[in-house]
Each structure stands twice: as structure tokens, then as C-alpha cells.
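# Summary of the model geometry
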Amino acid sequence: MPRALTHGIELEYDTFGEPGRPALLLIMGLGMQMTAWRPEFCRALADRGFHVIRYDNRDSGLSTAFDGTPPPDIGAVLAGDTSTVPYRLADMARDAAGLLDVLGVGAAHVVGASLGGMIAQQLVIDRPDRVRSLCSIMSTTGDRSVGRATPEALALLAAPPARSREEAAARAVRSAAVLGSPAHPAPPGEVRERAAAAYDRAHRPEGVARQYAALLASPDRTPHLRSVAVPALVVHGADDPLVDRSGGEATAAAIPGAELLVVPGMGHDLPEPLWPLITDAVARTAARADDRVADRS
């Protein structure tokens with residue numbers, strides 16, 4: 001897969017579809033690699049007329065790691081001391097804009113899941129010229145009073161990192177049982193296989209801690225989201241235990257004209273049976289952006 005160098009950060013990425021089509025940038029969540037955007041999902045979006053770009057965030061997958069920095073003190077961050085945090089969501093959003101620069105993309109439709117949704121929100125806040133439309137999936141605004149996790153989901157975040165391929169696979173099965181969509185449970189064998197492949201590609205538990213610290217250290221985006229002027233879609237599972245649906249509702253309420261799609265039976269994942277619903281909604285939101293351009297012409 002190719003790599004892009006932007007402001008000293010190397011980002012591993014790949015693409016689907018024809019380069020001449022409208023760009024659609026996919027941003028994945030906490031500790032997840034770009035391969036969590038499964039190729040079949042990416043091809044489904046490419047079949048809808050997009051040039052799809054997925055990439056590894058800094059500190060995940062094969063992109064630049066910050067392993068030379070001291071580990072963040074999460075307790076101190078929660079208490080307001082962010083001195084051990086090496087970067088913020090704004091830096092991760094800058095990475096996304098830099099990738100678009102390298103690829104020669106002026107503006108893209110942007111889709112982010114979980115932490116990726118927060119990065120996508122920050123990108124449209126900081127660089128509205130680079131975002132044609134926004135889709136925030138199973139994410140929240142940064143207001144800690146909304147989008148709270150259940151105790152069971154928080155326990156997964158607090159667990160020590162896996163020490164082997166087998167442990168990573170077994171943990172993924174347990175996590176899927178807690179976080180996954182109750183109406184669309186993933187077969188444990190498939191979960192285990194994908195987790196083992198992700199471990200083989202890049203196992204970066206220290207990066208997860210730094211990304212989590214970046215999330216905690218970044219400010220509430222709600223006031224700035226009120227100025228977002230591009231068409232926006234917010235997708236959230238009605239049964240999400242990691243980011244309560246109130247996070248999605250608050251996101252949609254903050255963005256003028258945003259469409260809120262709350263999906264019954266969906267948890268904190270992207271189950272294959274829901275791909276048509278989600279890709280339809282993403283394409284519909286992108287079409288709203290295209291209609292605005294046509295109206296101004």
C-alpha cells in the first residue's frame with residue numbers, strides 16, 4: 001500500500017474506485033486500522049460513484065507511531081492536566097487534510113466512525129474548505145455529559161493490552177459480544193479471524209492510549225459545530241453501549257440542518273447487513289452537497 005508524507009507524518013493509505021470521481025475520505029476510530037473499513041464496504045461506496053480513500057491514523061496501523069514519547073497519564077488528563085498528551089484531535093484532523101494535499105484533492109466527502117467521527121468534525125471545523133459533506137458515525141461532540149459508555153464498555157477500554165495474537169483474537173470476540181449490534185451479531189469465527197489479521201498487520205497498544213488521551217484532551221466541539229455549513233449526516237446505533245445515542249443526537253442538534261439516522265438494533269460496529277442503509281445515506285448526503293454547488297452555479 002502507498003504512504004503519504006505530510007508535515008513529518010507518514011500515513012499509510014489505499015484507494016478504491018476511479019480517481020476522477022468525487023473523493024470520499026474514510027477515518028477510522030480509536031486504535032483501529034484502516035482495514036476495519038472492510039474492502040467490501042469501500043467497494044460498495046466506490047460503486048456509488050466515489051473515489052474512496054482509507055488510511056491509518058497516526059499511532060495506528062502502519063502510519064507514524066509516537067513510541068518515543070512518554071505514556072500519557074490518563075488520570076491526570078481527566079483531572080485537567082494535559083501535559084503528557086503528545087497531540088490533540090486537531091493534529092489528527094491536520095493529518096487528514098495533509099493526506100488530501102498529497103493526493104491532490106481539494107475537498108472530499110468525509111466519513112468518520114467513533115474517534116474518526118470526532119476527527120472528521122474537527123476537520124470541518126478547522127478546514128471547512130476541505131469538506132464537501134460530513135458523515136459522523138457512532139460518535140459524539142466532546143461534551144462529556146453526552147455519549148457516555150456503559151460500565152461494561154468502559155471495562156473493555158480499561159483492560160490491559162493483549163500480549164499475543166491468540167489473546168487479541170479472544171478479546172475481540174468478547175468485545176464484539178459487548179459492543180456489537182444486538183440485531184446483527186457478528187459470527188465469532190469471523191471476528192477472531194479479522195482480529196488475528198489486524199494483530200499480524202500492526203499491534204500498537206501504546207498508540208491506543210495516546211489516541212485516547214488526544215480525545216480526552218481536546219475541547220468540546222459543540223459551539224464550533226453550530227457554524228458547520230456543509231450537508232451533514234449523523235448515524236448512530238440505538239443500542240450503542242460505548243457511545244450512547246445521546247452523543248449522536250447532540251452532534252445532529254449542533255450542526256445546522258444535519259440529518260440524524262438512529263438505527264434500531266445497531267451497536268458500536270458496522271455490521272454488514274446495515275451497509276446498504278449506511279451507504280445509501282452517505283450517497284444521499286453527498287448529493288445534497290452537489291445540489292448546493294449546482295444551485296450556486
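These remarks concern the structure in this document. (Residues numbered from 1 in each chain as written. Predicted model: local features only at pLDDT ≥ 70, side-chain atom pairs only at ≥ 80, totals over all residues. Heavy atoms only, no water.)

### Digging into the overall build of the protein
Per the secondary structure count, the protein includes eleven helices and eight strands. For the protein, whose C-alpha radius of gyration is 18 Å, the value lies close to the compact-globule estimate of 19 Å for 297 residues. When the backbone C-alpha atoms are referred to their principal axes, the protein occupies close to 55 × 40 × 40 Å. Taking all 297 residues of the protein together, 49% fall into the buried category. Within the protein, counting contacts between residues at least 6 apart in sequence, those at least 24 apart form 78% of the total. (Helix = DSSP H or I, 4+ residues; strand = E, 2+ residues; numbered from the N terminus. Rg over C-alpha atoms; globule rule 2.2 N^0.38 Å. Buried < 20%, exposed > 50% of the residue type's maximum accessible area, 1.4 Å probe, protein only. Contact = heavy atoms within 4.5 Å.)

### What to know about helix α4 (residues 115-126)
Compared with the 16 Å implied by 1.5 Å per residue over twelve residues, the 16 Å span of α4 between its first and last C-alpha is a close match. Among the twelve residues in α4, eleven count as buried, and that is most of the element. Listed as buried for α4 are Leu-115, Gly-116, Gly-117, Met-118, Ile-119, Ala-120, Gln-121, Gln-122, Leu-123, Val-124 and Ile-125. (Expected span 1.5 Å × (residues − 1).)

### A short note on the packing of helix α3 (residues 89-103) against α4
It is the contact of α3 with α4, at a shortest axis distance of 8 Å, that shows an interaxial angle of 75°. When the interaxial angle is binned, α3 and α4 end up roughly perpendicular. Of α4, the residues touching α3 (which contributes Leu-89, Ala-90, Met-92, Ala-93, Ala-96 and Ala-97) are Leu-115, Met-118, Ile-119, Gln-122, Leu-123 and Asp-126. Considered class by class, the residues forming the contact of α3 with α4 number ten nonpolar, one polar and one charged. (Axes fitted to C-alpha atoms, helices over the stretch in contact; angles between N-to-C directions. Parallel < 35°, antiparallel > 145°, perpendicular 65-115°, else oblique. Nonpolar A, V, L, I, M, F, W, Y, C, P; charged D, E, K, R; others polar.)

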